[in-house]
Amino acid sequence: MWDAARKCIELSCCLADKHNIQGWRKASDWKKRIKYQFRKVQKVKRSGGKNKESRLGFAVTTYLELATTLTKKVNEFKATFQAGNLSDIGSLVPLEYFHQMLDKHIDLVRRRLLKGEQIPHSEKVFSLFEPHTQWINKGKAGVVAELGQKHLIVTDQHHFIVHHQLMQSTPDMEITIELTKKLKKKWGDRLSSISFDKGFSSKQIIEDLQIIHPDVIIKAKGKLTKARQEIEQSDEFKELNNKHQSIESNINQLTYNGLNICRDKGEENFKKYVSLAVVSYNLHRLGNLIKKQLQTKSNRKAKKVA
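Reference entry: report on the structure contained in this document. (Residues numbered from 1 in each chain as written. Predicted model: local features only at pLDDT ≥ 70, side-chain atom pairs only at ≥ 80, totals over all residues. Heavy atoms only, no water.)

### A word on the overall build of the chain
When helices and strands are counted, the chain shows 10 helices and 6 strands. For a compact globule of 306 residues, the expected C-alpha radius of gyration is about 19 Å, and the chain comes in at 28 Å, more than 25% above that figure. Positive and negative charge centroids in the chain, built from 56 and 33 side chains respectively, lie 6 Å apart. (Helix = DSSP H or I, 4+ residues; strand = E, 2+ residues; numbered from the N terminus. Rg over C-alpha atoms; globule rule 2.2 N^0.38 Å. Lys, Arg positive; Asp, Glu negative; His and termini not counted. Charge placed at Lys NZ, Arg CZ, Asp CG, Glu CD.)

The structure is reproduced here in structure tokens:
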């Protein structure tokens, strides 16, 4: 809500200055007051002490009243701007977006902090500036908080990425069968085995995978049956599963090939950035293999000369 309020003030002030419209002389004061109240709510929410609920309720109510006053002021400004500058109506698009986000979060804050409602995940917005951002890990119990989008990658025996896609909100288990069929169709008999992380597994999925492809390495969840124990404790399963663990280093390597941060805005540009990082990773991998081959040839020549 603070981000939405801040952007509403900044954009309104910019438009007012550009078109000589009065009413935003105290824009700086507006930002200070709203940010002060935002910090106050944060402090009360995080701290303990006596009468915390009443203190939090008072702080949130004051914060919401200030934000509601601001949203009314923005409405008045938009009406004034539209009446006098119809030819420049496109300038209101960013302001309109952040104003909608302000109204949305006024409602969300009221429902969550005053009424105690559990907000459905689908209604939450984790970034006003990149709305496609998702909350991957909440950061509880020592786990680092992660914001972004889940990225599925498939590598071959040489650690080249042969398939990748953004998962968005699709659960891992819903894509297992579809992905296996896609890889089977693409590689045919050359696909000797395929392995997945445990998160892609379920009892039904394992049964279906065995029909599609006989050599699928995927650990079952929960208590194992005797037959399943024998499969997962076999030497072949362990060997292929150990090879699968190298996918973690492949994923880590992607962060050094551009996926640690996206510097482009918008979901389409984000997808392009991901694809470029994959191309960069594969080129880097190819370069390392060529370098290794050249080094091997050089060592052989040196031995012959010696």
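### Considerations on the side chain of Arg-111
Looking at where Arg-111 falls in the secondary structure, it is placed in helix H4 (residues 93–114). Taking relative accessible area as the criterion, Arg-111 reaches 13% and is therefore assigned buried. With residues up to four places along the chain from it excluded, the contact list for Arg-111 reads Gly-116, Glu-117, Ile-119, Pro-120 and Glu-123. (Buried < 20%, exposed > 50% of the residue type's maximum accessible area, 1.4 Å probe, protein only. Contact = heavy atoms within 4.5 Å.)

### Some details on the pattern of salt bridges
For the structure on display, the rule yields 12 salt bridges. The partner of Glu-96 in a salt bridge is Lys-78, with the nearest N and O atoms 2.8 Å apart. Residue Glu-96 is found in helix H4, and its partner Lys-78 is found in helix H3 (residues 52–84); the two are separated by 18 residues along the sequence. Taken together, the salt bridges that share partners define one network made up of Asp-3, Arg-6, Lys-7, Glu-10 and Lys-31. (Salt bridge = Lys/Arg side-chain N within 4 Å of Asp/Glu carboxyl O.)

### Focus: a positive patch on the surface
Together, Lys-45, Arg-112, Lys-124 and Lys-138 give the surface a local cluster of positive charge. Summarising the element assignment, Lys-138 is placed in the loop between strand E1 (134–137) and strand E2 (146–148). (Patch = residues over 30% accessible without salt bridge, like charges linked within 9 Å, V, L, I, M, F, W, Y side chains within 5 Å. Areas by Shrake-Rupley, 256 points an atom, 1.4 Å probe, with all protein chains shown as cover.)

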